[in-house]
Amino acid sequence: MPSIPLWNGSVSSCASNLLARVPMSSTTQLCLGSAFLGVFSHQAVYIRGEWHLRAPRLVQGYSLVAAAIFGVQCRLGTDVVTSLARTGLIAGSYAAALFSSIIIYRRFFHRLRHFPGPPIASLTKFWHVWKSRNGQNHLLLEQLHEKYGPVIRTGPEELTIIDPAVMPAVDGFRSECTKAVWYDMLHPTTALNTTRDKPAHDARRRIWDRGFSPKALAAYEGRVQEYAVVLSSRIDELARQGARVNVTDWFYWFTLDVMGEFAFGRSFDMLRDEEWHYAVQLLRKAMSLVGPFSPVPWLAQIGFKLLPGMIYVRDWFAMVKFCRGRMDERIQMKGDKPDVAHWLIQASLEQNSLQQDIDWLTGDALTLIIAGSDTMAATLVLMFYELARTPYHQELLLSEFRGINIADRHRLQYCAHLNACLNETMRLHPTLMTGGYRQAPPQGITIGNTYIPGNTTIVSPRYSLGRLETSYEQATEWIPERWTTRPELVKDNRGFSPFALGRYNCVGKTVAMSEMRYITALLVTRFEVFFAPGETGQRLFEDLRDQFTASPGRLELQFRRRE
Ligand code: HEM
């Protein structure tokens, strides 16, 4: 995109000459000129292309221009108050004209103008920031679905599509969709998951795939099991005391410790210390902003670039610094530990680019920690909530595990009811509830019978897709048998894609399934699980936050050792 010079010396002297020549009474003329510029800049410049990454520069540029207009007036002898007022008028005229032009265009001329949705959503994403300020975007989209149907305009450039055809259309192997602007939210952090450019993503993905090959997975297995056994023995101690177990914390500590091992060859030691590591706390604080600010990645960019000291932004940078330090340590580590970082570092060494790749390595380590822990922990919490409510399913699982070696992941992967419990949890309580935004290719795309114009952001919320009565019988109930003995309860499974499809699918799917199967088998064979007195699961759902990955509320269970 061409960039417009917002400020330089020649503009300054030009403005100075101009103001010197015109009488001050011509403020009206200046305001009109400014308004004209506002409309012109929208129609000629901003109407095309993406601007979110340039938002910080634009803020700086406009501030400079406003300061220059003010400065020139003061130099011409106008008093400060009048200069300020006049600058406000000129800047206000520009802004009013610019935003009026944007609003009229978005409402009446935009290519998405015919799609239903809240009228204000077609004008600005700020309505979405406001509506999802409590981090429960998944519920908001459900309400909109009820009111407006399967295709909803949820933003000036955005459609939310709650139709099972959306998943194969946007993520299928032949799909030409790309990752949407949301993935630039954390720019300039570079990482596999946030790479929007297809060739660059594919190249990085090939490196990651080496870290998840069958040979690599076999090497991680033992280490994951060690952590699972530690978790189980901690729970055992609590069970002996008859204590309540906040499984939300324990499952997070378990998955985060494992991901620390994968990313840095060193855990966060949370299972051992029984408390949150400070770096993980920083990460979680920073991540809590992802939910409300997801609709406006440009605002996040302004925060990152112009307000690095602001609370939450500061936490994010502190976490990145921590990861960078741990990655430096990991690079220096002797020995050949089987972890994911090994493969990423090895690729950089082979290309002789270790120093240049340090940002990639840090960003990828962060991705691994977030993508690998939040998803698994939330799935486990939600599945144990369902199991605690239904002892019958614990018994079914127990009989499935009888006589088999649960430490053998190949054997566990054929446990039909275990797989069904996991699938059913990921259908009803997906851990990427609304996340995974895609962008339609320039020529557009047809989903079901609906043509989606080019470059539209497409949101396909798994939370709503998993609850469609047109796809599932008794859609809001947790019935694992729908994936085994009662297939008639699944009418259309195209929307079921917990790990995504195609080029952007989950690289950690096999490790995730294997880890979740093992920990479930270990806990169910050792303990009976039930709600702690007074626990209903209400807090779990009331405090459940949609911040790209799901962040569930507290759940207190009790465990009783099986004889
Ligand atoms: C219950 C467990 C998990 C679920 C439901 C899950 C789901 C997903 C989904 C839906 C995506 C696509 C995200 C997008 O469109 O932006 C994804 C991507 C990804 N996942 Fe997972 N995931 C899980 C566990 C894991 C684990 C254990 C790891 C690592 C060990 C992992 C690493 C990744 C990475 C690196 C990506 C980015 C892939 C790419 O962009 O090429 N995930 N995951």
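Just so we're clear, the structure is a prediction, and the values are computed from it rather than from any experiment.

**Examining helix α17 (residues 358-389)**
Its 32 residues give α17 an end-to-end C-alpha distance of 47 Å, which sits within 8% of 46 Å, the value for a rise of 1.5 Å per residue. Taken across its 32 residues, α17 has 28 buried, putting it largely inside the fold.

**Focus: the site of the ligand**
If you check the shell around the ligand, you find 33 residues, and the closest are Y183, H201, R205, R438 and C506. For the ligand, an oxygen atom lies 2.7 Å from a polar atom in the side chain of H201. The contact in question runs from an oxygen atom of the ligand to an N or O atom on the side chain of R438, over 2.6 Å. Cavity membership is defined here by more than half of the atoms lying within 2 Å of grid points; on that basis the ligand lies in the largest cavity. Taken together, the elements giving at least two residues each to the shell around the ligand come down to α8 (198-211), α17 and α22 (509-526). Counting residues per element, the shell around the ligand draws most heavily on α17, at 7 residues. When its residues are assigned to classes, the shell around the ligand shows 19 nonpolar, 10 polar and 4 charged.

**A word on the sheet that holds strand β1 (residues 151-155)**
Across the sheet, 5 strands lie side by side as β1-β2-β8-β5-β3; this open sheet has mixed pairing. The two strands at the open ends of the sheet, each matched to only one other strand, are β1 and β3 (178-179).

**Things to note about the nonpolar core**
Grouped together as the largest cluster of nonpolar side chains are 138 residues, with contacts concentrated most on F251, F401 and I447. Broken down by element, the residue count for this core peaks at 18 residues, all from α17. Setting aside anything within four residues of it in sequence, one finds F401 in contact with I406, L412, C415, L418, A521, V524 and T525. Of all hydrophobic cores here, the second largest spans 7 residues; its members include V45, W51, L98 and I102.

**As for the coordination of the iron atom of the ligand**
Among protein residues, the single donor to the iron atom of the ligand is C506 (SG), with a metal-donor distance of 2.3 Å. Assignment of secondary structure puts C506 in the loop between α21 (462-465) and α22.

**Quick notes on the layout of surface pockets**
Reported here for the second largest pocket is a volume of approximately 260 Å³. Along the walls of the second largest pocket sit 17 residues, with L289, F293, A300, F304 and V313 positioned nearest its centre. Among the secondary structure elements, those contributing two or more residues to the lining of the second largest pocket are α12 (278-287), α13 (290-293), α14 (297-306) and α15 (313-332). It is α14 that contributes the most residues to the lining of the second largest pocket, 5 residues altogether.

**A short note on the sheet that holds strand β12 (residues 556-561)**
Overall, antiparallel pairing links the 3 strands, which are arranged β4-β12-β9 in an open sheet. Each end of this open sheet is capped by a strand with a single partner; those strands are β4 (245-246) and β9 (527-531). Relative to β12, β9 runs antiparallel, the two sharing 5 bridges. By the bridge assignment for β12, F530 is matched with Q558.

Conventions used here
Residues numbered from 1 in each chain as written. Predicted model: local features only at pLDDT ≥ 70, side-chain atom pairs only at ≥ 80, totals over all residues. Heavy atoms only, no water. Helix = DSSP H or I, 4+ residues; strand = E, 2+ residues; numbered from the N terminus. Expected span 1.5 Å × (residues − 1). Buried < 20%, exposed > 50% of the residue type's maximum accessible area, 1.4 Å probe, protein only. Near = heavy atom within 4 Å. Polar contact = N/O pair within 3.5 Å; in protein donor to acceptor, adjacent residues only side chain to side chain. 1 Å grid on protein atoms, 1.4 Å probe; cavity = no way out; pocket = protein on both sides within 12 Å on 5 of 7 lines; lining within 4 Å. Sits in = over half its atoms within 2 Å of the grid points. Nonpolar A, V, L, I, M, F, W, Y, C, P; charged D, E, K, R; others polar. Pairing = 2+ DSSP bridges. Core = buried A, V, L, I, M, F, W, Y, C linked by side-chain atoms within 4.5 Å. Contact = heavy atoms within 4.5 Å. Donors = N, O, S within 2.8 Å, 3.2 Å for Na, K, Ca; no water. Points joined across faces, edges and corners; volume = space filled by probe spheres on them.

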